[in-house]
Each structure stands twice: as structure tokens, then as C-alpha cells.
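Observations on the model geometry
If you want the building blocks of each chain, they are given just below.
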Amino acid sequence: MKITVLSGKGGTGKTTVSVNLALSIENVQLLDADVEEPNLQYFLHPIFDKEESIYRKIPEVDQQKCTSCRKCVDFCEYNALSMMIDEVLVFPEICHSCGGCKLICPENAITETDRELGVLKHAKSEYNVDFWQGELNIGEESSVPVIEALKKKIDPDKDIIIDAQPGTTCPTIEAVVDSDYGLLVTEPTPFGLSDLKLAAKLMDELKIPYGVIINRAEKDSNYIIEDYCNINDIDILLRIPFKRKYAQLYSEGIPFVQKEKELKNHFRKVFKQVRSVVDEKNHSN
Amino acid sequence: MKKITVISGKGGTGKTTVVANLSYLFNDLVLADCDVDAPNLHLLLNPENRDAEVFKSNKLAVKDQSKCTDCGICYDVCRFNAVDSISYDIDSYKCEGCGVCVAMCPEDALTLKLLDTGEIYNSTTRFGPMVHASLKIGSDNSGKLVSEVREKAAQKAEKLNKDLVLIDGSPGIGCPVISSITGVDLVLFVTEPSKSGFSDLKRVAQVIKHFNIPALAVINKYDINEKISKEIENYLKEEEIELVGKISFSSDIVDSLRNAELIVEKDQNNNVSREIKFIWKKINKRLKNLN
């Protein structure tokens, strides 16, 4: 079973949920697909034993062969090529590596070179979790190819937990698109609610079953998330209370379940509930 | 006119809260919410007179089935796995609108269609005009929408003769973040003292360094972990990023957030309000010294 942990808003507790859930169940593989800011490593203290570069293709123009016809410049949808007097300039950061300019060039003046976009790192973490992390290189713009490569590391014999990037655009979609279930993490603030609605809309559109985990839940606070979920018939799987102690543990990179064993049972229950929803869906298909 | 973008690397460190409270203190400015993925500034500033315009920049390859001969060339040339290997249908989520399949199709069965990326809103707040947006769910190209919001806010400031554009950025280091800092005069980092917050700050600070933009920093919730706060301070010194203030971890700020209120407005004598006011003064000073 593949579970992706996501949220519209950043900083609601995706990483907290991913790591605590992973440490509460057996035979699990954990993928950090928040490749712009991969943070699971600060909770797992991995000693990486494998590292692979992810490359993408960038055009190179042979100025000897180039006749300045501009066909490549006009073709590029991303404005990654521009004509400087009579030479074609390439802006690698903006290039999407579609390969179109090379195919379009009538003089065969364009070749492609590899440019490192990011890296994948593997570790067997100290809590015996099979862990893969994607990392986008600084200054690069497109996370999606790194996430795609990361997902190729999925071990079909394990249960998979994917920590996604916040938001509702391409990198988040790439992480969640073929998952069995989405865990939507939110917090009981107007921000949390507004962004939860966006994430829920995305899951509806992708037709992936989902449930909500409320982080920093206060006993006597307003029930804006609960009300929204009740009206829309969305499962609330867990409430993680708002405690200064949790904020401190988080800051040190200590998974809560290491300090509060009882919380492990709560995460196991979440996992069981998710499994039954997924099984039921597979059954009816 | 000066432009400041507020970013953090990590999400949830308090960017929007800081922007909203600062806008009360600056009082006369233009605001831009460039976190188009999860826009929240409007929830604190309650803008009025929203006039919405559709923004189109996404492109998608569309197939005319009557012309298609199932030759499979589109599948061969697409680098984004957007063409199905059997049906040769286009997956709208995967298609990046590069146009390679359109150019290579021997039957002219494919065209690039311009799609809605989202909506841009021109609104008014108590502190001045605000430009914000909503991205269509599942939409590609948020970078272009971010650029458009930033540009529109700058044009507004120019036209109305405002001195400052304050931009709320998005988390991360990728495309939307880079679009939100392009051409700005100053970046303000809002960070928090956690291992992940610190690490994310370092990554985003490297991006800013790459673009050579002067930067300031605020440590939010600094007393959650004073040891990491100290480490962040040392790092900022080394990187010559001016620390303009620290904000303490307080339930007052959470409460005001829950009620969609600005703490600097509601309770001027609150500790947090004083801390934010201090930050505002420091930013003002830095703005005056910018060329």
C-alpha cells in the first residue's frame, strides 16, 4: 500500500506524521519527496550508503553550424533560448529539457549535455526504516524529475510512505498521483482550513481516497476543521495535541513516538483505518 | 519604490503573519501574495473590491482524433511521459506544453491549447492595494502566475507613487520562490529554531546569494530552542545577513491568528507586538540605506 502525506499549507506537520507513522509500523519504506527542502533526515539520522545523481538534458549550440535562423528560439515555450545578435544563448535553469530545439534545428547544430538536477540518497536509518531521499540542487527550478526518479526506488514488497512537498502544483501531484491513499495534515487555523480545502479538492480531482490529521489541535479551540470535515464527510484520523514539548522535540529532530509510546498505538490505528479504506476500495473495483 | 520578498525555505515559520503585521506598521504600501499555491494573506487582511481576471499561461497538447493515425511518434518524442503508450492519449497532468509532439506529428493532429492557470485579484486593504491570485487546482506553471502578481503589484506602486511593495513568498527553493524574488531589492527570511527550519534557511539563503540580493532575517519562535537560535545567529553573522529581530513563542500570536486578527493592532503592549515593531524599525532603517 502506498500512502502519501501532503498538505496545502507548509509547516503543518507532514514530516512529523510521516516519520511517526513509519516508526509505528513494520516493513515500511519511507520516501522524502519534499525535494526542495527534504527534512525527514533530521528525524532519522541516516548514514547514507548509496547516492545517485539525477541528470537532465540541456542544449548546446554549435555556433559554427548555427545559421541564426531562430527556429529554436521561436520554438522554445519556456524562453530558455534567446538570440544575442547572431548567437543563440541558452539559459539552463529555465530549460525544461523537452529536447524540442534539437529536433527542430535544420542544421543539426544542437546537441545535449547532462546537467545534474539533484541527487537521490539511500539509508537504512537507525530505526531500521528503509529510507530514500530526493534532493533538488540549489538554483534548480523543477522538482518533478527528481520525484519521478525517487519513485522508481519503491519496493513493492513494502508499505510505502511518501512525504510530499506542500502545495497543490506539479511536485505535490507527482508525489501523490498513483498513491492508494492521501493523508492530509492540517492545523486548526484559518490558514490551515483554507489550504486543506485546496488539498481536498486536488484529491477529489485525482480520485484518491483521503483522510485528515489535525496537528496542534487544542482541546478548547474552535472546531473549524472538524466542522468542515463533518459537512464534507471526510474522515478525521487523528488529532495531535498542541504541546510546547512537541515543538521542542520537533526542533531537536526527535520523533514523538520515541518519547510517548502511547502515540504509537494511535498511529497504528491510523494505519489500520487507512488499510481498511484502501482494501474496501480495491474490493469494490 | 522598493520591493521586499518574505520567504523562509520551510513552510509554516510565520511568513504571512509577519507580512500582515508589518503591513499594519508600514500602513501605506502595496501588497502581493506570491504564495499562489496556498494564498493566505487575504485571510488576515480581508481585502475588498476584488476585481478578478483570468490568467492564461498553461499550454496543453490536444489531439484531433480524426486526424490521428496512431503512428506513435508523439509517444516517442515526449520526455514527460505524458503520452500513453497504447492509446496515445495525452495526460493533462504530465503534459508540460513544450510543443515537441505538436511539431513532430506528421498528420498535424496535435495543437497546443492555452489554458487557464488561475485568477489574479486586484483588491484593496486598509493599508493599500493588494494583488493576489488563486491557482487552478493541479495547474502547472505557478512560476508565471507568481511573476505576474509580482509585476502587477510593482506597476501599481509605480502608478500610485507608493514607496514599498511587500511580497509574501512561498515555501521551498524552486520555481515559485525564484519567480517571487526576481528583481526585488531586499529579501526577508522568517526562520524558526528547529533542525529542519535551520537547514531549509541555509538552502534558500544559498539561492538568494546566487541572485545576489541583500537579505535580512527574523527568528520566529526563537525560545522554542535557544541553542539552535544561537546557531542560526552565528550562521547569519558569517553570511552577513542582518538579524533584524526575534519573536517569542506565544499563544497570543496563535490566538490572534485563529481569530484572523493582527496582534500589533489588537494589543500594542503585547510582548510579541513590541518585537514585531522593533523588526519594522530595523527594516525601515535598512530600506533608507538601500541605494
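Cut-offs applied
Residues numbered from 1 in each chain as written. Chains lettered and ligands numbered in written order. Predicted model: local features only at pLDDT ≥ 70, side-chain atom pairs only at ≥ 80, totals over all residues. Helix = DSSP H or I, 4+ residues; strand = E, 2+ residues; numbered from the N terminus. Buried ≥ 20, exposed ≤ 12 C-beta atoms within 10 Å, placed from the backbone. Contact = placed C-beta atoms within 7 Å. Pairing = 2+ DSSP bridges. Axes fitted to C-alpha atoms, helices over the stretch in contact; angles between N-to-C directions. Core = buried A, V, L, I, M, F, W, Y, C linked by C-beta atoms within 7 Å. Parallel < 35°, antiparallel > 145°, perpendicular 65-115°, else oblique. Nonpolar A, V, L, I, M, F, W, Y, C, P; charged D, E, K, R; others polar. Domains from an automatic or database assignment. pLDDT = per-residue confidence, 0-100.

**Quick notes on the overall build of chain B**
- Assigned secondary structure in chain B consists of 11 helices and 9 strands.
- Viewed in the frame of its principal axes, chain B has a C-alpha envelope of about 75 × 40 × 40 Å.
- Counting across all 291 residues of chain B, residues that qualify as buried make up 54%.
- The contacts in chain B between residues at least 6 apart in sequence include a share of 75% that link residues at least 24 apart.

**Section: the overall build of chain A**
- Counting its secondary structure elements, chain A contains 11 helices and 11 strands.
- In terms of its C-alpha atoms, chain A occupies a principal-axis envelope of roughly 70 × 45 × 40 Å.
- Looking at chain A as a whole, 50% of its 285 residues are labelled buried.
- Restricting to contacts in chain A with at least 6 residues of sequence separation, those with at least 24 account for 76%.

**Focus on the interface of chain B and chain A**
- Contacts between the two partners involve 49 residues from chain B and, on the opposite side, 50 residues from chain A.
- In terms of residues, the side of chain B that touches chain A owes the most to one element, helix α7 (residues 195-210) of chain B, which gives 8 residues.

**A few points about the sheet that holds strand β1 (residues 2-7) of chain B**
All names here are of chain B.
- Across the sheet, 9 strands lie side by side as β3-β4-β5-β2-β6-β1-β7-β8-β9; this open sheet has mixed pairing. At either margin of the open sheet sits one strand with a lone partner, and together these are β3 (48-63) and β9 (242-247). If you compare each strand with its neighbour and ignore which way they point, the axes differ by 20° on average.
- Pairing analysis gives 4 bridges linking β1 to strand β7 (residues 186-191), with the strands arranged parallel. Bridged to Val-6 within β7 is Leu-188.
- Lying over the sheet, α7 contacts β1, β7 and β8 (215-220), oriented at roughly 170° with respect to β7.

**Concerning the sheet that holds strand β7 (residues 130-136) of chain A**
Residue and element names in this part refer to chain A.
- Here we have 9 strands laid out as an open sheet, ordered β3-β6-β7-β2-β8-β1-β9-β10-β11, and mixed in their pairing. Since the sheet does not close on itself, it has two edges, and those belong to β3 (50-61) and β11 (235-241), each with one partner. Each strand of the sheet is rotated relative to its neighbour by a mean of 20°, with strand direction disregarded.
- With 12 bridges joining them, β3 and strand β6 (residues 110-124) adopt antiparallel strand pairing. Within β6, the position partnered with Glu-60 by the bridge is Thr-111.
- Against the sheet, helix α8 (residues 224-232) contacts β9 (181-186), β10 (210-217) and β11, and its axis sits at roughly 165° relative to β10.

**Topic: the nonpolar core**
- Within the largest apolar cluster, 142 residues are counted, with the highest numbers of intra-cluster contacts made by Val-165, Leu-166, Phe-189 and Val-218 of chain B.
- Among the elements that line this core, the one with the most residues is helix α7 (residues 190-206) of chain A, at 7 residues.
- Look past the residues within four positions of Val-218 of chain B in its chain and what remains in contact with it is Val-18, Leu-188, Phe-189, Val-190, Val-244, Gly-245, Ile-247 and Ile-279 of chain B.
- Core analysis: the next-biggest nonpolar cluster, separate from the first, contains 16 residues, Ala-61, Cys-74, Cys-98 and Val-100 of chain B among them.

**A few points about the packing of helix α1 (residues 14-24) of chain A against helix α11 (residues 261-284) of chain A**
Residues and elements named next belong to chain A.
- Between α1 and α11, the least distance of the axes is 8 Å, while the angle of their chain directions is 90°. When the axes of α1 and α11 are compared, the pair comes out roughly perpendicular. Within the contact between the two elements, α1 uses Asn-20, Leu-21 and Ser-24 and α11 uses Leu-263, Lys-264, Phe-267, Arg-268, Val-270 and Phe-271.
- Class assignment of the residues belonging to the contact of α1 with α11 gives a composition of 5 nonpolar, 2 polar and 2 charged.

**Details of the domain arrangement of chain B**
- As assigned here, chain B comprises domain 1 (2-56 + 123-289) and domain 2 (65-108).
- Centre-to-centre separation of domain 1 of chain B and domain 2 of chain B, based on C-alpha positions: 41 Å.

**Re unusual backbone geometry**
Residues and elements named next belong to chain B.
- Unlike most non-glycine residues, Asn-46 shows phi in positive territory, near 40°.
- Within the secondary structure, Asn-46 is located in the loop between α2 (41-45) and β3.
- A tally of 10 C-beta atoms within 10 Å means that Asn-46 is categorised as exposed.
- With phi around 55°, Tyr-88 is a residue other than glycine that occupies positive phi space.
- As for its position among the elements, Tyr-88 is in the loop between α3 (73-77) and α4 (100-104).

**Examining the domain arrangement of chain A**
Residue and element names in this part refer to chain A.
- Along its sequence, chain A is organised into domain 1 (2-46 + 125-284) and domain 2 (56-116).
- Computed from C-alpha coordinates alone, the two centres of domain 1 and domain 2 are separated by 40 Å.
- The residue makeup of the side of domain 1 that touches domain 2, split by class, is 1 nonpolar, 3 polar and 2 charged.

**Concerning the packing of α7 of chain B against helix α8 (residues 226-238) of chain B**
Residue and element names in this part refer to chain B.
- At their nearest, the axes of α7 and α8 sit 10 Å apart, and the two run at 10° to each other. Put simply, α7 runs roughly parallel to α8. Along the contact surface, α7 presents Lys-195, Phe-198, Leu-201 and Lys-202, while α8 presents Ile-228, Glu-231, Ile-232 and Tyr-235.
- Class assignment for the residues of the contact of α7 with α8 results in 5 nonpolar, no polar and 3 charged.

**Side note on the environment of Glu-205 of chain A**
- One can find Glu-205 of chain A in helix α7.
- Glu-205 of chain A gets classed as partly exposed once you count the C-beta atoms within 10 Å, which come to 13.
- When sequence neighbours within four positions are dropped, the list of residues in contact with Glu-205 of chain A reads Ile-137 and Gly-138 of chain B.

**Comments concerning the environment of Lys-282 of chain B**
Residue and element names in this part refer to chain B.
- Within the element layout of this structure, Lys-282 appears in helix α11 (residues 271-289).
- By C-beta crowding, Lys-282 is classed as partly exposed, having 16 other C-beta atoms within 10 Å.
- Linking Lys-282 and Arg-79, residues 203 residues apart in sequence, is a C-alpha distance of 49 Å.
- Residues contacting Lys-282, with those up to four places away along its chain left out, are Val-244 and Gly-245.

**Quick notes on the confidence of the model for chain B**
- For chain B, mean pLDDT is 95; residues scoring 70 or higher make up 99% of the total.
- Model confidence for the complex: the whole-complex pTM is 0.93, and ipTM, which rates the interface, is 0.91.

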